Structure formats: C-alpha cells, structure tokens
Amino acid sequence: MGKRITVDPITRIEGHLKIEVELENGKVKDAWSSGTMARGFEALLTGKDPRDASWVTSRFCGVCFSVHTMASAAALDEAFGAQVPEGGRILRNLIMASEYLYDHIIHFYHLTALDYLDIMAIANYKGKDPELLAVKDKIVGLVKRGDTYPLTPRYEPDDFSVADPDIVIMAVKHYLDALKVQVTAKNMGAILGGRAPHFQSIVVGGVTQVPSAEQLGRFKSMLAEVTAFIKDVYMKDVLLFGTGPLFPLAKLGIGGGHLNYLCYGSFPEDASGKNLFFKPGVIKNGNIPKPEKFDQQKVTESVKHAWYRDKDPVHPYDGEQVFDLDKSDAYSFVKAPRYDGMPMEVGPLARMFVMQEPNLMGLVKKGVKPGAVARHAARMLETVLLADQMQVWLAQLIDLMGKPGFRVHDTDNYEPPSSGQGSGYYEAPRGALGHWIKIKDKKIENYQAVVPSTWNASPRDEKGQRGQYEESLIGTPVPDPENPINIVRVIRSFDPCLACAVHIIHPGTNEILKFRIE
Amino acid sequence: MLRSFRNINRRDFLKFCAGTATILGLSEAAVPRIARAVGDAAKKPPVIWLEGQDCAGCTISFINTSNPGTAEIVLDTISLRYHETLMAASGYVAEKALHDTIAEGGYVLIVEGSIPKADERFVQIADVPFVKTLNKAAANAAVVIAIGACATYGGIPRGTPSNGQGVGWAMENGLVPKKPLINLSTCPVHPEHLVGTIVYYLLFAKAPPMDSVARPLMFFDKLIHDNCERRGRFDNGEFLEDWNSFEERNSCLFLKGCKGPWTYADCPTRRWNDGLNWCIGCGAGCQGCSQPEFYTGMSPLYAKTKDIAGMRIETIGALLAGATAVGLAGHFIGQAATGRLGKGGPPEEGGES
C-alpha cells in the first residue's frame, strides 16, 4: 500500500473540505473527498412560509448566494403558478450575472493564483514601472518586517510555479487591483439586489424593485469598468499563464478526471424559460464534440458511501434523508448524484464544452487537455461572454422600461398556494444547481437541493465509481508528500463550495461518525 | 515612525485613517490619533479568524470594504494568521500557523459561523470539532469579535437540526472561556462594522460601549423603523402593495413584512455596498437579521398579518390616531382593537428547536 496523506483543511474555498490521497511512485493512486460540516437547512424550512425559502437558501452559500435565491425562486414560481414578467426576468439575469463577474474574478486572483506563483520572486524585480515598484515595496516591506501573513506560510513553490519576477509582480498587482474590482462587481448587484452578499430583491414572481434611470446609469458605468478589467487583465492573465508558464501543466491534463460533463443551462432569454443563454447538455466519456440532450429524469442520487440509509439510487424528488451512521463503507456527508449512472463534472468547463465555445475549442486544439488549467480558461471565457451579454440585457431592459405596462413582479400569484410543487434548475458559478419544493397547507412540506459541489465532490457510488474530485486527482504528481501543492491546485480549479454540498441531517439522529480509513 | 510602519505612502495612510474615522463616526480631529494608534504599533496585531457553521458570506462581505480597502486591512493593518478562505496555506501548514499564534496569545479572535449544539461533530476541521478549536483559541485571545447572525446568536442554523448557537452561548455554557465579546450581528456582517470595531480596539484597547446583547452602541443603538427613509410614508399611511408601481416604489414596506420596527442597526444611515443601496431601499423590506430572534423569530419574512401582533407599543402607539391608522385600516386595526398590540418583542420566538 502506498503512502497516505491528508490535506485538511483545504483552504481558499467556501466551506470545509478534507482530501485524503494514497501515493505510489510520487503520484496519486487513489483519493477520497469528504465534506466535514453540516447544518440542515432543508429541515429548517419544513413548515415555514414558502416565500421564506428564496431568502433563507441564499445562506446555503455566502459566495454564490444569488444562484440559490434564483433556483429557489424558480421552484417557487412553478409551485405558485407565478409568471415572472419580462422586466423581472431580465433584472434577475442581470443580478445573477453580476455575481458571476465578482465570483470568477475572486476565484482566479484571490482563491487560486497563489498556487501558481512564487510570490517572493517579486524581490528580484529589476524593472522601473512605478506601479510595480510600489507592489515590490509593499511585499518586500512585509518581508523586512518579518510578517508576511496571510501570504505565508504556504506550500513551497515547485517546478510548475511561476518564478519570473516580471510575471509574478504583475500578477500580484492584479491580485490587488482585483480586490477592488470584485467590490465594484458585487456593488453592481447591490444596485438591483439591495445589498451583496445576500441579495434581497429576488422573490417569488419576480423582483421587488423597479429600477430608476439613475440606478441603471450607474449600473451601466460600473459594468463598463468591470468589463474593461475582465478583458484587459483577467482574460490576458489567464491566456498568458495557460499558454505560457502553465502550458506544461495544461498539456499534461492534470486534474482531468472522468471527462463527463453536465450543464442544466441557465439565464432564460424569453418568458418560456426554454431558450437559455447557457445551453443545457451532457458530454460522456470525453466525447467533447458531441454533446447530448439533457434529460432531468436521468438524474439519480446514490447514498452507498454517504451516511444515509442504504437505498437504490433514485431521482432527487424521491430522495430520502434517513441517516445510517454505522455504515462502515461511508465516508462523506455528500451524496453521490449521477447522470445515467455516470459521475459528472459540472461548472464552467462543462458549460463551455456543452456550448462548444470556440476559444476553448481552440485551446484544446493547441494541446490544452481538460484539467485544472482548462478549467481556469473556461471560467475566464464565460466571464467574458456574460459581461458582453449583460450589455445586451441592459439595453433590452431600458427599451422595455420605455414602453407602457412595464412590470417586474407577478403580484396576482404572491400568496402561497394550498398545495403545489416546483423545481428550479440553474447554473451556479460552480455548476448545475437544482432546488425542489413541495407545499402543503400553504407551508413547505419538503425542500431539497442538489448543488454543484455535490456533483463534483461526491464520494464513490454503489458501483464504486469515484466522484469527480477523486477521479481528477488520480495520476497527479506529488513528488514531495510534505508539499502536496498539485492536490490543492486540482481541487481549487473546481472552485469548491462545500457549505451547501452537504445534505440534510435527520432530526432524530445527530451523531456523526468520524471519517476514518485504516 | 510612519516610515517603519507598513509600506504605503503617507497620503494613502492618512486616507486610511480618515476612512476609519468616518466609519467610527469620529471627526477629522481623530485622524492623528488613529494614525498614532495604528501607525505606532511595533508590530501588526495578530488576528485569528475561525469559521464554524458558516457560509463564508461574512468573509465575502468583509472584503467589500473599500475605504479603507481589503489590502490595507489585511496586509498593512493586521497580521492575519489564520483565515481558511483567504490564507495561502492549506492542511498541516495552515494548522501550524493557527497553533503557533494561539501559543503566542494576545490576538484578536474573529468568529464566523455558529457552533452546533446538537453534536459538536457537525463541524470538524483537521479532524477536530470546531468548538474545541474555538475553546483553545478563545483562551489566549485578547478580545473575541463574533460576526454575522450565526456566530452572534445562532442565526439560521439555530433553527436547524444541528442547532447552531452563537459564541456568547458557548461562553455562558462553559464550552469556551469567557473573554470580552463583541457581537456584530447582521447577516452577513457589515464590512464597516467589522473594520470599525477592529480599529476601535486598536485605538482604545478595549471593547466599545455595548447594548444588553453585546452589540456596539455606535452601530446598533437605533431602531431601523425610527430612522428609515420611508418613515414619513409610514406616518402618512402610504404602504407599498404592488412592486410594479413606480408611484409606490418609495412607500412603506410594512405590508410586505418589513421587520424594521423590531430591528436595531444603522442600516438606514450607513446603508450597504458603499452606500449604494440597502434592503429597504430595494423594496424588499428588513428581515430583522441583526436581532437575537433572527431567523425563526422573524419568520414569516414576507407575511403581513402576523407581524403587528408583537409590535412594540412605544413604536406604534403614536400612529393609531394618525394617517397611518387610516392606511392600516382593513389590514390590522381589528387586531389592534382586540388588544393584540403591544405584547412586546418580535413576532414569536421559535428559535430553540
């Protein structure tokens, strides 16, 4: 048996995640992914006013808050029989898209870039650019004062780390610039959503605010500012890194995994909800040029290796949440969703493959294999697509507001129905998200969510198939077990988000078994 | 002195001081004092930031601070030794930084997320239940700042099967050593509340004056309803009933379930996201997220009828004779007349489950 190492906590992600791997000949031979925190939001919602759900479920995740509100509101819309007016639909799209802009920028610069940079190389910068010299002074000053937290301690840089002082100093400057830009992107959402994080204005039937011309003007100018950063800085940095210093990592396809991809689709372009900006689709076994049609009936959840009572895989609507904490072969709170019995990757790479995004296809032709680096590229490319599309939506909104009868909310269907059910499918920045609600006596009878990180972070299923995090680690080089930097590179490339990945805790059982591998 | 302190120029440094003075509601005269308190420090004060049952929303809200900005706080003002979402280190390397700092002592401890009462193992990091790590970290902390609804009073997790509770509860029940505790209780924390509290502590080396539930009076001493920009509409009996109506867009949200009459926080004046908007500003109403009763005690969030029953008599007393009563007639007056007004406290406490 190879050497086992554990990385716990995996930091710079949302939530609490533990990764354990077995090494053999300097490479990962096997891997286990385990979520280590649970709250039990779904049980809390039982018996509550259904309209609370879109507000409460935002707190599933404080990083990708609006998509939970959005999927929840979509489920409520269906259950209430509410028809979201055009104005409400476009405003929801704009609020949701502004979250993507902030979220993807933060992920690249603040959550993941430190894995690829030897930040201390800045000291060797010999250039004369005054702005970069200010960055050098700042970092060198921290070193001289003997306090470089939170930039250190860290895993030590390796052969894949970028140590060219000119590149590193520019990247660190962009890290600092991006701290400001992400505020602007979040604030854009607040103009229409009330505040961020945790938007307020999205409710069943639409949104709560008819924006003023002044607000839209401000939104437009902030969008221009953020778009300029995305295209002039973020896009260029990802392309520079992906085709330059990180090309060896990209060519190896480190972090590829199962090569199965799933996208539910999102951002409705008309009232039917069928015409979506991100197209739904499924890719199996690396057959990237041939996406198949997505059929939600083929979604099942396996609990074989999760702490739930054994049951054959079923569709989430028929799911149950009865814990069995004595299962010896269970090791995670995260269930194992499968599509047509297969583990899937969800997120930007899945979306852009399903869309056959030409720039990503071009990178693949150049030799970038699906994996950690391709994931960063896909995330950047969809940020660019969305920033451009937001201009289109904004123009549509302004045009619509000039016409009589502009509406943002279906006020006629705002009172909870005596009974009903609904589902809301959406694409979170991290991937496919579904919320399901059942209403009885005007209260929530049952609430369910299958979230992106449940797909990606899932444990093995009843057939023993690994989840996508686990599979993507297989073969990853870890030459020094004390410094498993490639493991966190692979895992962070998914942009993990664990708080919501963990399912309900049964009220009757509250014991949690420690995840242990002998 | 300033030369030895961090590596930003004097102009930026004074801008930083002016920004924090604004947050604290201090005049320009305080700027030199802030400059001395922050600038003279021989070393940056160490900070440990722990996350329990959290959604990272408070972290994401904190990095929305723009005057001063996140980089000025994180790199120049404090020594952020441990923060799962922001730190470079992972795994063992991260845990070592935590334990080295605990051994050193004298740090500011920031806590985000709740502590599960049902079973400590609902959240474990590095195979250790969160409450055990919190216990260790609090023991050597100079001050504990609980941020967000979850870490202060349990928030949403208090109503879940895991029964999440706040830091104050853990101190009261002997799970965590008693230390000076400051509660910054909105969901998520307001970035200016946190930055202001940190700077206040650097300035005065003690907790600011606080209310009975340990919230700084400088941020939480006023009722939202009393300072709401729509209060005049309430007094005039103008209530929003249709979100599509441009005419009603600034009307009172009381009928949409606004919890402003029960909620203490400076949101009406401070607003959110650099003053761009706030919950009532976008037409959604206040959900009472700064109150100990939140969330279950504030549910249903959007319903109009139940809320008035528990409304404080001193708040609503004056209105019954005025235009508000006319506006509310047909909605609530029946309840008021039957004596269901003025019971005190928020709607109903259903927290402990």
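Residues numbered from 1 in each chain as written. Chains lettered and ligands numbered in written order. Predicted model: local features only at pLDDT ≥ 70, side-chain atom pairs only at ≥ 80, totals over all residues. Heavy atoms only, no water.

Enquirer: What is the right way to read the overall build of chain A from this model?
Expert: Along its length, chain A carries 14 helices and 14 strands. Sorting the 518 residues of chain A into buried and exposed places 67% on the buried side. Long-range pairs, those at least 24 residues apart, make up 74% of the contacts in chain A between residues at least 6 apart in sequence. Put simply, chain A shows about 16,600 Å² of open surface, and 52% of that area lies on carbon and sulfur atoms. (Helix = DSSP H or I, 4+ residues; strand = E, 2+ residues; numbered from the N terminus. Buried < 20%, exposed > 50% of the residue type's maximum accessible area, 1.4 Å probe, protein only. Contact = heavy atoms within 4.5 Å. Areas by Shrake-Rupley, 256 points an atom, 1.4 Å probe, with all protein chains shown as cover.)

Enquirer: Quick question: what am I supposed to make of the overall build of chain B here?
Expert: Helix and strand content of chain B: 16 helices and nine strands. Across the 353 residues of chain B, 65% fall into the buried class. Restricting the contact set of chain B to residue pairs at least 6 apart, pairs at least 24 apart contribute 73%. Put simply, chain B shows about 11,700 Å² of open surface, and 53% of that area lies on carbon and sulfur atoms.

Enquirer: Even after reading the chapter, I still don't get the nonpolar core, so can you show me in this structure?
Expert: Looking at soluble globular proteins, one finds that nonpolar side chains tend to be buried together. Counting 249 residues, the largest nonpolar core has Phe-267 of chain A together with Leu-109 and Leu-194 of chain B as its most contacted members. Lining this core are residues from two domains, each supplying at least three of them: domain 1 (10–220) and domain 2 (224–337) of chain B. Here Leu-109 of chain B is in contact with Ile-48, Leu-50, Leu-134, Ala-137, Ala-138, Ala-141, Val-143, Val-144 and Ile-145 of chain B, once residues within four sequence places are set aside. If you look at the next biggest cluster of nonpolar residues, it comprises 13 residues, including Phe-294, Val-299, Met-344 and Trp-436 of chain A. (Core = buried A, V, L, I, M, F, W, Y, C linked by side-chain atoms within 4.5 Å. Domains from an automatic or database assignment.)

Enquirer: I'm lost on the pattern of salt bridges in this one. Help?
Expert: Any two side chains of opposite charge can pair if their charged atoms end up close together. All names here are of chain B. Applying the stated criterion across every chain, the model contains 45 salt bridges over all chains. A salt bridge links Glu-104 to Arg-81, with the nearest nitrogen and oxygen atoms 3.1 Å apart. With Glu-104 in helix 5 (residues 91–104) and Arg-81 in strand 2 (residues 79–83), the pair connects residues that are 23 residues apart, well separated along the chain. Residue Glu-104 is classed as partly exposed on the basis of its relative accessible area, which comes to 43%. (Salt bridge = Lys/Arg side-chain N within 4 Å of Asp/Glu carboxyl O.)

Enquirer: Looking at this structure, how should I read the interface of chain A and chain B?
Expert: Many analyses report the size of an interface as the accessible area lost when the parts associate. Contacts between the two partners involve 88 residues from chain A, matched on the other side by 88 residues from chain B. Together, the buried faces of chain A and chain B total about 7,500 Å²; carbon and sulfur atoms form 58% of this surface. Taken together, the connections running from chain A to chain B amount to two salt bridges. In this structure, the salt-bridge partner of Asp-127 of chain B is Lys-18 of chain A, at a minimum N-O distance of 3.0 Å. Counting the contacts that link chain A with chain B gives 37 residue pairs in polar contact (both at pLDDT 80 or more). Of all the elements in the fold, those that place two or more residues in the side of chain A that touches chain B are helix 1 (41–45), helix 2 (52–56), helix 4 (86–112), helix 5 (130–144), helix 6 (165–193), helix 7 (213–243) and helix 14 (485–493) of chain A. At nine residues, helix 6 of chain A tops the list of elements feeding residues into the side of chain A that touches chain B. Taken together, the residues of the side of chain A that touches chain B break down into 45 nonpolar, 21 polar and 22 charged. (Buried area = accessible area lost by both parts, 1.4 Å probe. Polar contact = N/O pair within 3.5 Å; in protein donor to acceptor, adjacent residues only side chain to side chain. Nonpolar A, V, L, I, M, F, W, Y, C, P; charged D, E, K, R; others polar.)

Enquirer: Please clarify how the confidence of the model for chain B should be interpreted in this entry.
Expert: Detail in the predicted coordinates should be disregarded across regions flagged by low pLDDT. Per-residue confidence for chain B gives a mean pLDDT of 83, with 82% of residues at or over 70. Every residue in residues 312–321 of chain B is under pLDDT 50, and counting partners more than four places away or in other chains gives 18 contacts. (pLDDT = per-residue confidence, 0-100.)

Enquirer: Please explain the sheet that holds strand 7 (residues 141–147) of chain B as it appears in this structure.
Expert: What holds strands together in a sheet is hydrogen bonding between their backbones, with the strands either parallel or antiparallel. All names here are of chain B. On the basis of which strands lie adjacent, the open sheet formed by five strands has the order 2-1-3-7-9 and parallel pairing. The open sheet has two free edges, formed respectively by strand 2 and strand 9 (181–184), since each of these has just one partner strand. Recorded for the sheet is a direction-independent mean angle of 20° between the axes of neighbouring strands. Pairing of strand 1 (residues 46–51) with strand 2 involves four bridges; the strand directions are parallel. Bridge pairing links Ile-48 to Tyr-82 in strand 2. (Pairing = 2+ DSSP bridges. Axes fitted to C-alpha atoms, helices over the stretch in contact; angles between N-to-C directions.)

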